[in-house]
Amino acid sequence: WVSTFQGRLYYVRVSAYNMKGWGPPASSLPPSAAPSWRESDGREPRRRGHIEAMERLLQQVRATHTHYCCGASKLQNPSRKQSVSRSLKHLFNSSNKFVKTLKGIYLAAVFYHKDSLLVTAEEQIPIVEVDDSYSSSLMQDFLWFTKLSCMWEDVRWLRQSMSVSMSSSSTLQARHKMLTAAGQLQQNLLGTHNLGRVHYEPIKDRHGNVLLVTIRDTESQHSLFSGKWMQVTKLQSQRKSLSTPEEPYALDILIITIQQDILAYQRRSTHRLAPGLYLGYLKLSSSVDQIKVLVSQRTPNMLCHTRVRDNANVSREEWDWIQTLAAAGEKEDDQGAGPRAESHAPLLYYELQTAIKSLLKHINLPLHQARHFRLYSQEVVELGHGVSFLLLLPAADDVCSAPGQSNPYTPLSGFLHLPLQMF
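What you are looking at is a predicted structure, and each value in this text was computed from that prediction instead of being measured.

### Focus: the overall build of the chain
- Tallying secondary structure elements over the chain gives 11 helices and 18 strands in all.
- Here the chain, with 423 residues, has 47% of them falling under the buried criterion.
- With an accessible surface of roughly 22,000 Å², the chain has 52% of that area assigned to carbon and sulfur atoms.

Next comes the structure, spelled out in C-alpha coordinates:
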(Lines give C-alpha, C1' and ligand atoms only; values in the text may rest on other atoms or scores of the structure.)
Protein backbone atom coordinates (compact mmCIF):
# COMPACT_ATOMS: atom_id res chain seq x y z
CA TRP A 1 0.00 0.00 0.00
CA VAL A 2 1.02 3.63 -0.13
CA SER A 3 1.66 6.07 2.73
CA THR A 4 2.68 9.72 2.65
CA PHE A 5 6.29 10.81 3.02
CA GLN A 6 6.95 14.52 3.63
CA GLY A 7 4.01 15.39 1.38
CA ARG A 8 5.88 14.45 -1.78
CA LEU A 9 7.15 10.87 -1.72
CA TYR A 10 5.09 7.83 -0.84
CA TYR A 11 5.77 4.31 0.30
CA VAL A 12 4.91 1.42 -1.94
CA ARG A 13 5.07 -1.65 0.26
CA VAL A 14 5.39 -4.77 -1.81
CA SER A 15 4.85 -8.29 -0.52
CA ALA A 16 4.56 -11.70 -2.09
CA TYR A 17 0.90 -12.14 -1.32
CA ASN A 18 -0.28 -8.90 -2.87
CA MET A 19 1.66 -9.53 -6.06
CA LYS A 20 -0.18 -12.62 -7.18
CA GLY A 21 -3.62 -14.06 -7.40
CA TRP A 22 -5.35 -10.94 -8.68
CA GLY A 23 -6.15 -10.08 -12.25
CA PRO A 24 -7.21 -6.78 -13.73
CA PRO A 25 -10.94 -6.14 -13.74
CA ALA A 26 -12.61 -6.82 -17.04
CA SER A 27 -14.04 -3.33 -17.18
CA SER A 28 -10.62 -1.60 -17.11
CA LEU A 29 -9.63 0.12 -20.32
CA PRO A 30 -6.25 1.48 -21.38
CA PRO A 31 -6.05 5.30 -21.05
CA SER A 32 -4.99 5.85 -24.64
CA ALA A 33 -7.38 8.76 -25.17
CA ALA A 34 -8.09 9.66 -21.54
CA PRO A 35 -7.42 13.13 -20.10
CA SER A 36 -3.87 13.52 -18.83
CA TRP A 37 -2.84 13.37 -15.17
CA ARG A 38 -2.03 17.10 -15.37
CA GLU A 39 -5.71 17.92 -15.62
CA SER A 40 -6.26 16.48 -12.16
CA ASP A 41 -4.68 19.54 -10.49
CA GLY A 42 -4.54 21.92 -13.46
CA ARG A 43 -0.76 22.20 -13.57
CA GLU A 44 1.17 23.15 -16.67
CA PRO A 45 4.28 21.33 -17.90
CA ARG A 46 7.11 22.19 -15.52
CA ARG A 47 9.57 22.92 -18.32
CA ARG A 48 7.25 25.06 -20.45
CA GLY A 49 9.21 27.98 -21.83
CA HIS A 50 12.54 26.80 -20.41
CA ILE A 51 14.07 25.90 -23.77
CA GLU A 52 13.08 29.27 -25.23
CA ALA A 53 14.55 31.07 -22.21
CA MET A 54 17.81 29.15 -22.55
CA GLU A 55 17.98 30.00 -26.24
CA ARG A 56 17.60 33.70 -25.45
CA LEU A 57 20.39 33.54 -22.87
CA LEU A 58 22.61 31.67 -25.30
CA GLN A 59 22.08 34.30 -27.99
CA GLN A 60 22.98 37.04 -25.52
CA VAL A 61 26.21 35.25 -24.60
CA ARG A 62 27.15 34.65 -28.22
CA ALA A 63 26.48 38.27 -29.13
CA THR A 64 29.20 39.37 -26.73
CA HIS A 65 31.98 37.55 -28.58
CA THR A 66 30.86 37.45 -32.19
CA HIS A 67 33.83 39.58 -33.18
CA TYR A 68 36.21 36.88 -31.89
CA CYS A 69 34.61 34.20 -34.02
CA CYS A 70 34.36 36.34 -37.15
CA GLY A 71 38.10 36.83 -37.26
CA ALA A 72 38.95 33.19 -36.73
CA SER A 73 40.58 31.50 -39.68
CA LYS A 74 39.21 28.24 -41.05
CA LEU A 75 40.77 25.19 -39.49
CA GLN A 76 41.41 23.25 -42.63
CA ASN A 77 43.53 25.90 -44.38
CA PRO A 78 45.82 24.30 -47.00
CA SER A 79 48.46 27.01 -46.52
CA ARG A 80 49.03 25.81 -42.97
CA LYS A 81 49.30 22.13 -43.74
CA GLN A 82 53.08 22.16 -44.23
CA SER A 83 53.78 23.81 -40.87
CA VAL A 84 51.31 21.51 -39.17
CA SER A 85 53.00 18.44 -40.59
CA ARG A 86 56.36 19.55 -39.22
CA SER A 87 54.95 19.84 -35.72
CA LEU A 88 52.83 16.70 -35.86
CA LYS A 89 55.52 14.21 -34.92
CA HIS A 90 56.82 16.39 -32.09
CA LEU A 91 53.39 16.83 -30.53
CA PHE A 92 52.38 13.21 -30.80
CA ASN A 93 55.70 12.05 -29.35
CA SER A 94 54.31 13.11 -26.00
CA SER A 95 52.48 9.77 -26.02
CA ASN A 96 55.84 7.98 -25.88
CA LYS A 97 56.90 10.04 -22.88
CA PHE A 98 53.49 9.47 -21.40
CA VAL A 99 53.96 5.73 -21.04
CA LYS A 100 57.58 5.92 -19.90
CA THR A 101 58.36 8.68 -17.46
CA LEU A 102 55.87 11.55 -17.30
CA LYS A 103 53.18 11.67 -14.65
CA GLY A 104 50.34 14.01 -15.36
CA ILE A 105 47.21 14.61 -17.36
CA TYR A 106 46.78 13.83 -21.06
CA LEU A 107 44.01 14.32 -23.58
CA ALA A 108 43.28 11.57 -26.10
CA ALA A 109 40.96 11.90 -29.11
CA VAL A 110 39.26 8.66 -30.18
CA PHE A 111 37.71 9.07 -33.63
CA TYR A 112 36.02 5.89 -34.84
CA HIS A 113 34.02 4.65 -37.78
CA LYS A 114 32.49 1.20 -37.35
CA ASP A 115 35.47 -0.92 -36.19
CA SER A 116 38.27 1.43 -37.23
CA LEU A 117 40.10 4.16 -35.32
CA LEU A 118 41.91 7.26 -36.50
CA VAL A 119 45.60 7.02 -35.56
CA THR A 120 48.71 9.07 -36.23
CA ALA A 121 51.39 8.23 -38.78
CA GLU A 122 53.15 6.37 -35.95
CA GLU A 123 49.96 4.31 -35.43
CA GLN A 124 49.18 5.87 -32.07
CA ILE A 125 45.94 7.31 -30.76
CA PRO A 126 46.23 11.13 -30.96
CA ILE A 127 47.35 12.32 -27.53
CA VAL A 128 48.59 15.66 -26.22
CA GLU A 129 49.83 16.56 -22.77
CA VAL A 130 47.66 18.75 -20.58
CA ASP A 131 49.90 19.12 -17.53
CA ASP A 132 52.63 17.22 -15.74
CA SER A 133 50.70 17.12 -12.47
CA TYR A 134 47.19 17.48 -11.13
CA SER A 135 45.57 18.68 -7.93
CA SER A 136 42.90 17.36 -5.60
CA SER A 137 40.30 19.26 -7.64
CA LEU A 138 40.86 17.03 -10.67
CA MET A 139 37.30 15.68 -10.71
CA GLN A 140 35.76 19.15 -10.59
CA ASP A 141 38.10 20.30 -13.36
CA PHE A 142 37.15 17.20 -15.37
CA LEU A 143 33.42 17.85 -14.98
CA TRP A 144 34.02 21.43 -16.12
CA PHE A 145 35.95 20.12 -19.12
CA THR A 146 33.08 17.82 -20.13
CA LYS A 147 30.93 20.89 -20.77
CA LEU A 148 33.23 21.79 -23.65
CA SER A 149 31.77 18.92 -25.65
CA CYS A 150 28.68 21.13 -26.06
CA MET A 151 30.73 24.08 -27.33
CA TRP A 152 33.96 22.88 -28.96
CA GLU A 153 33.75 25.75 -31.44
CA ASP A 154 34.21 28.22 -28.56
CA VAL A 155 37.47 26.76 -27.22
CA ARG A 156 39.59 29.41 -28.94
CA TRP A 157 37.43 32.24 -27.65
CA LEU A 158 37.45 30.84 -24.11
CA ARG A 159 41.22 30.49 -24.15
CA GLN A 160 41.66 34.06 -25.36
CA SER A 161 39.17 35.38 -22.83
CA MET A 162 40.71 33.56 -19.86
CA SER A 163 43.46 35.76 -18.47
CA VAL A 164 45.92 33.47 -16.67
CA SER A 165 49.12 34.38 -14.86
CA MET A 166 51.39 32.73 -12.33
CA SER A 167 49.35 34.36 -9.59
CA SER A 168 46.09 32.87 -10.87
CA SER A 169 44.40 30.13 -8.90
CA SER A 170 45.46 26.54 -9.55
CA THR A 171 41.97 25.77 -10.82
CA LEU A 172 42.10 28.56 -13.40
CA GLN A 173 45.55 27.49 -14.55
CA ALA A 174 44.50 23.84 -14.84
CA ARG A 175 41.43 24.69 -16.91
CA HIS A 176 43.39 27.00 -19.18
CA LYS A 177 45.80 24.12 -19.87
CA MET A 178 42.85 21.88 -20.75
CA LEU A 179 41.68 24.48 -23.24
CA THR A 180 45.18 24.72 -24.70
CA ALA A 181 45.39 20.95 -25.15
CA ALA A 182 41.97 20.84 -26.82
CA GLY A 183 43.03 23.69 -29.10
CA GLN A 184 46.17 21.79 -30.12
CA LEU A 185 44.11 18.78 -31.17
CA GLN A 186 41.61 20.95 -33.01
CA GLN A 187 43.84 23.33 -34.91
CA ASN A 188 47.25 21.68 -35.22
CA LEU A 189 46.53 17.95 -35.35
CA LEU A 190 43.02 16.93 -36.36
CA GLY A 191 41.83 19.98 -38.28
CA THR A 192 38.33 19.89 -36.86
CA HIS A 193 36.52 21.67 -34.07
CA ASN A 194 34.35 18.73 -33.09
CA LEU A 195 36.27 16.38 -30.78
CA GLY A 196 33.13 14.45 -29.84
CA ARG A 197 31.87 13.55 -26.38
CA VAL A 198 34.01 13.34 -23.28
CA HIS A 199 34.07 9.84 -21.77
CA TYR A 200 32.17 9.76 -18.49
CA GLU A 201 35.25 9.26 -16.31
CA PRO A 202 39.01 9.84 -16.57
CA ILE A 203 41.24 6.81 -17.00
CA LYS A 204 43.72 6.64 -14.12
CA ASP A 205 46.64 4.33 -13.44
CA ARG A 206 48.84 3.61 -10.43
CA HIS A 207 51.76 5.49 -11.97
CA GLY A 208 50.16 8.89 -11.54
CA ASN A 209 48.83 9.30 -15.08
CA VAL A 210 45.35 10.54 -15.94
CA LEU A 211 43.88 10.27 -19.42
CA LEU A 212 40.91 12.37 -20.50
CA VAL A 213 39.23 10.78 -23.51
CA THR A 214 36.99 12.35 -26.14
CA ILE A 215 35.04 10.05 -28.47
CA ARG A 216 33.53 10.87 -31.85
CA ASP A 217 31.66 8.64 -34.26
CA THR A 218 32.49 9.88 -37.76
CA GLU A 219 30.13 9.30 -40.66
CA SER A 220 32.95 8.08 -42.87
CA GLN A 221 36.67 7.50 -42.86
CA HIS A 222 37.33 11.00 -44.12
CA SER A 223 40.87 12.24 -44.40
CA LEU A 224 42.27 14.27 -41.52
CA PHE A 225 45.68 15.85 -41.06
CA SER A 226 48.41 13.21 -41.54
CA GLY A 227 46.30 10.51 -39.96
CA LYS A 228 45.12 7.11 -41.10
CA TRP A 229 42.50 4.55 -40.16
CA MET A 230 43.28 1.26 -38.44
CA GLN A 231 41.18 -1.65 -37.24
CA VAL A 232 40.75 -1.68 -33.47
CA THR A 233 41.86 -5.31 -33.23
CA LYS A 234 45.03 -4.55 -35.21
CA LEU A 235 45.89 -1.62 -32.96
CA GLN A 236 45.38 -3.79 -29.89
CA SER A 237 47.50 -6.64 -31.24
CA GLN A 238 50.37 -4.38 -32.32
CA ARG A 239 50.50 -2.41 -29.09
CA LYS A 240 53.82 -3.00 -27.30
CA SER A 241 53.16 -2.24 -23.67
CA LEU A 242 55.85 -1.14 -21.26
CA SER A 243 53.70 -1.89 -18.25
CA THR A 244 52.73 -5.07 -16.41
CA PRO A 245 49.25 -6.63 -16.44
CA GLU A 246 49.00 -5.93 -12.72
CA GLU A 247 49.77 -2.20 -13.06
CA PRO A 248 48.99 -1.10 -16.64
CA TYR A 249 49.55 2.44 -17.83
CA ALA A 250 46.50 4.57 -18.57
CA LEU A 251 47.17 4.35 -22.30
CA ASP A 252 47.25 0.57 -22.08
CA ILE A 253 43.96 0.60 -20.19
CA LEU A 254 42.45 2.76 -22.94
CA ILE A 255 43.54 0.43 -25.73
CA ILE A 256 42.56 -2.75 -23.86
CA THR A 257 39.08 -1.49 -22.97
CA ILE A 258 38.35 0.64 -26.02
CA GLN A 259 36.22 -1.93 -27.84
CA GLN A 260 34.24 -3.60 -25.07
CA ASP A 261 33.83 -0.67 -22.70
CA ILE A 262 34.47 2.77 -24.15
CA LEU A 263 33.03 2.45 -27.66
CA ALA A 264 30.24 0.19 -26.42
CA TYR A 265 29.26 2.82 -23.85
CA GLN A 266 29.31 5.50 -26.52
CA ARG A 267 27.01 3.54 -28.83
CA ARG A 268 24.59 2.47 -26.12
CA SER A 269 24.30 5.93 -24.61
CA THR A 270 22.75 7.26 -27.82
CA HIS A 271 19.89 4.75 -27.95
CA ARG A 272 16.41 6.16 -27.43
CA LEU A 273 13.67 4.30 -25.60
CA ALA A 274 10.56 3.33 -27.52
CA PRO A 275 7.49 5.40 -26.59
CA GLY A 276 5.69 4.14 -23.52
CA LEU A 277 5.32 4.34 -19.75
CA TYR A 278 8.29 3.06 -17.74
CA LEU A 279 9.07 2.38 -14.10
CA GLY A 280 12.53 3.69 -13.22
CA TYR A 281 14.72 2.93 -10.20
CA LEU A 282 16.47 5.98 -8.71
CA LYS A 283 19.59 5.12 -6.69
CA LEU A 284 22.43 7.52 -5.90
CA SER A 285 25.79 7.24 -4.17
CA SER A 286 27.99 10.06 -2.92
CA SER A 287 31.70 10.56 -2.43
CA VAL A 288 33.78 13.47 -1.26
CA ASP A 289 33.53 15.41 -4.53
CA GLN A 290 30.60 14.05 -6.51
CA ILE A 291 27.27 12.22 -6.66
CA LYS A 292 26.77 9.23 -8.95
CA VAL A 293 23.65 7.66 -10.45
CA LEU A 294 23.11 3.93 -10.85
CA VAL A 295 22.42 2.94 -14.48
CA SER A 296 22.47 -0.24 -16.52
CA GLN A 297 25.42 -0.84 -18.83
CA ARG A 298 22.95 -1.64 -21.61
CA THR A 299 21.15 1.72 -21.35
CA PRO A 300 23.51 4.13 -19.55
CA ASN A 301 21.52 7.19 -20.66
CA MET A 302 18.49 6.11 -18.59
CA LEU A 303 17.79 5.03 -15.04
CA CYS A 304 17.46 1.31 -14.47
CA HIS A 305 13.96 0.67 -15.72
CA THR A 306 11.31 -1.68 -16.96
CA ARG A 307 8.48 -1.04 -19.37
CA VAL A 308 5.01 -0.73 -17.85
CA ARG A 309 2.99 -0.40 -21.06
CA ASP A 310 3.02 1.07 -24.57
CA ASN A 311 0.88 4.08 -23.70
CA ALA A 312 2.92 6.81 -21.98
CA ASN A 313 -0.09 8.78 -20.75
CA VAL A 314 -1.16 8.45 -17.12
CA SER A 315 -4.83 9.30 -17.14
CA ARG A 316 -6.60 11.61 -14.73
CA GLU A 317 -8.46 8.64 -13.32
CA GLU A 318 -5.23 6.76 -12.66
CA TRP A 319 -3.57 9.79 -11.10
CA ASP A 320 -6.55 10.45 -8.83
CA TRP A 321 -6.38 6.82 -7.75
CA ILE A 322 -2.68 7.16 -6.88
CA GLN A 323 -3.36 10.31 -4.86
CA THR A 324 -6.33 8.73 -3.08
CA LEU A 325 -4.31 5.66 -2.23
CA ALA A 326 -1.49 7.85 -0.95
CA ALA A 327 -3.85 9.81 1.31
CA ALA A 328 -5.35 6.63 2.72
CA GLY A 329 -2.02 4.90 3.14
CA GLU A 330 -0.86 6.79 6.23
CA LYS A 331 -4.03 5.96 8.15
CA GLU A 332 -3.80 2.29 7.20
CA ASP A 333 -0.13 2.24 8.21
CA ASP A 334 -0.88 3.76 11.63
CA GLN A 335 -3.63 1.22 12.27
CA GLY A 336 -1.45 -1.68 11.19
CA ALA A 337 -3.76 -2.72 8.41
CA GLY A 338 -2.39 -5.24 5.97
CA PRO A 339 -2.33 -4.95 2.21
CA ARG A 340 -5.62 -5.59 0.51
CA ALA A 341 -6.99 -5.85 -3.00
CA GLU A 342 -8.52 -2.73 -4.48
CA SER A 343 -11.96 -3.52 -5.85
CA HIS A 344 -12.02 -0.36 -7.96
CA ALA A 345 -8.33 -0.13 -8.84
CA PRO A 346 -7.51 0.91 -12.40
CA LEU A 347 -5.55 -1.27 -14.77
CA LEU A 348 -2.38 0.65 -13.82
CA TYR A 349 -2.51 -1.01 -10.37
CA TYR A 350 -1.94 -4.43 -11.88
CA GLU A 351 0.51 -3.15 -14.46
CA LEU A 352 2.64 -1.69 -11.66
CA GLN A 353 2.60 -4.98 -9.77
CA THR A 354 4.04 -6.74 -12.81
CA ALA A 355 6.51 -3.93 -13.48
CA ILE A 356 7.82 -3.86 -9.90
CA LYS A 357 8.53 -7.58 -9.96
CA SER A 358 10.30 -7.23 -13.30
CA LEU A 359 12.38 -4.24 -12.14
CA LEU A 360 13.43 -5.91 -8.89
CA LYS A 361 14.53 -8.95 -10.83
CA HIS A 362 16.53 -6.71 -13.18
CA ILE A 363 18.42 -5.06 -10.32
CA ASN A 364 18.86 -8.39 -8.49
CA LEU A 365 16.81 -7.52 -5.42
CA PRO A 366 14.52 -10.03 -3.67
CA LEU A 367 10.93 -8.92 -3.25
CA HIS A 368 11.06 -8.73 0.55
CA GLN A 369 13.82 -6.12 0.44
CA ALA A 370 11.52 -3.75 -1.43
CA ARG A 371 8.80 -3.56 1.21
CA HIS A 372 9.88 0.00 2.15
CA PHE A 373 10.44 1.21 -1.40
CA ARG A 374 8.49 4.30 -2.43
CA LEU A 375 6.77 5.57 -5.53
CA TYR A 376 7.47 9.20 -6.41
CA SER A 377 3.97 10.59 -6.62
CA GLN A 378 4.56 14.32 -7.07
CA GLU A 379 4.50 14.01 -10.85
CA VAL A 380 4.93 11.76 -13.85
CA VAL A 381 8.40 12.45 -15.27
CA GLU A 382 7.86 13.19 -18.95
CA LEU A 383 11.07 12.90 -20.97
CA GLY A 384 9.64 13.77 -24.37
CA HIS A 385 9.36 11.69 -27.56
CA GLY A 386 6.42 9.83 -26.00
CA VAL A 387 8.42 8.50 -23.03
CA SER A 388 7.17 8.87 -19.44
CA PHE A 389 8.55 7.55 -16.15
CA LEU A 390 7.17 6.69 -12.74
CA LEU A 391 10.05 6.52 -10.25
CA LEU A 392 10.66 3.84 -7.64
CA LEU A 393 12.93 4.87 -4.75
CA PRO A 394 14.46 3.04 -1.78
CA ALA A 395 13.67 4.18 1.75
CA ALA A 396 14.69 7.76 2.52
CA ASP A 397 17.97 6.78 4.24
CA ASP A 398 18.98 4.55 1.33
CA VAL A 399 18.30 6.78 -1.68
CA CYS A 400 21.85 8.18 -1.59
CA SER A 401 24.57 6.00 -0.09
CA ALA A 402 27.33 7.79 1.79
CA PRO A 403 31.01 6.84 1.31
CA GLY A 404 31.73 3.52 2.99
CA GLN A 405 28.08 2.87 3.75
CA SER A 406 26.96 -0.71 3.32
CA ASN A 407 23.99 -0.70 0.99
CA PRO A 408 21.95 -3.80 0.11
CA TYR A 409 20.13 -2.00 -2.71
CA THR A 410 23.07 -1.64 -5.10
CA PRO A 411 23.52 -4.42 -7.68
CA LEU A 412 27.09 -5.58 -8.22
CA SER A 413 27.44 -6.45 -11.91
CA GLY A 414 26.09 -5.19 -15.21
CA PHE A 415 25.66 -1.65 -13.92
CA LEU A 416 27.55 1.66 -13.89
CA HIS A 417 27.75 4.53 -11.45
CA LEU A 418 27.73 7.65 -13.62
CA PRO A 419 28.63 11.10 -12.28
CA LEU A 420 25.40 13.03 -11.97
CA GLN A 421 26.55 15.73 -14.41
CA MET A 422 27.45 13.13 -17.05
CA PHE A 423 24.08 11.40 -16.64
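### Examining the packing of aromatic side chains
- This model, assessed by the stated rule, comprises 7 aromatic pairs.
- Between W37 and W319, the ring centres sit 5.1 Å apart and the planes meet at 55 degrees, which makes this aromatic pair tilted. A residue pair is termed long-range when its members are at least 10 positions apart, and W37 in the loop between strand 2 (9–11) and helix 1 (50–63) and W319 in helix 10 (residues 316–335) qualify at 282 residues. Take W37 and W319: they sit in the same class, and that class is buried.
- Aromatic side chains W321 and Y349 sit 5.4 Å apart centroid to centroid with 80 degrees between the ring planes, which places their arrangement in the edge-to-face category. Placement of the pair is W321 in helix 10 and Y349 in helix 11 (residues 347–362), with a sequence separation of 28 residues. Assigned by exposure class, W321 and Y349 land together as buried.

### Description of helix 5 (residues 138–146)
- The buried count for helix 5 comes to 8 of 9 residues, which makes it a mostly enclosed element.
- Three or more residues of helix 5 are buried, namely L138, M139, D141, F142, L143, W144, F145 and T146.
- Residues of helix 5 that are buried sit in contact with strand 3 (105–113), helix 7 (170–190), strand 6 (197–198), strand 7 (203–204), strand 8 (210–217) and strand 18 (415–419).

### Details of the environment of H176
- For H176, the position within the fold is in helix 7.
- Between the C-alpha atoms of H176 and Q160, which are 16 residues apart in sequence, the distance is 9.5 Å.
- Setting aside chain neighbours within four positions, we find H176 in contact with R159, M162 and V164.

### Describing the pattern of salt bridges
- Under the counting rule described, the total for this entry stands at 7 salt bridges.
- As a salt-bridge pair, K228 and E123 come within 2.9 Å of each other at their nearest N and O atoms. With a gap of 105 residues between them, K228 in strand 9 (residues 228–231) and E123 in the loop between strand 4 (116–119) and strand 5 (127–131) connect regions that are remote in the sequence.
- Classification of E123 as partly exposed rests on a relative accessible area of 26%.
- Ionic pairing is found between R175 and D141, a salt bridge with its closest N-O pair at 3.0 Å. Of this pair, R175 sits in helix 7 while D141 sits in helix 5; the two residues are 34 residues apart in sequence, bridging distant segments of the chain.
- Taken together, the shared-partner salt bridges connect R309, E318 and E351 into one network.

Conventions we followed
- Residues numbered from 1 in each chain as written.
- Predicted model: local features only at pLDDT ≥ 70, side-chain atom pairs only at ≥ 80, totals over all residues.
- Heavy atoms only, no water.
- Helix = DSSP H or I, 4+ residues; strand = E, 2+ residues; numbered from the N terminus.
- Buried < 20%, exposed > 50% of the residue type's maximum accessible area, 1.4 Å probe, protein only.
- Areas by Shrake-Rupley, 256 points an atom, 1.4 Å probe, with all protein chains shown as cover.
- Phe/Tyr/Trp six-rings, centres within 6.5 Å; stacked < 30°, edge-to-face > 60°.
- Contact = heavy atoms within 4.5 Å.
- Salt bridge = Lys/Arg side-chain N within 4 Å of Asp/Glu carboxyl O.

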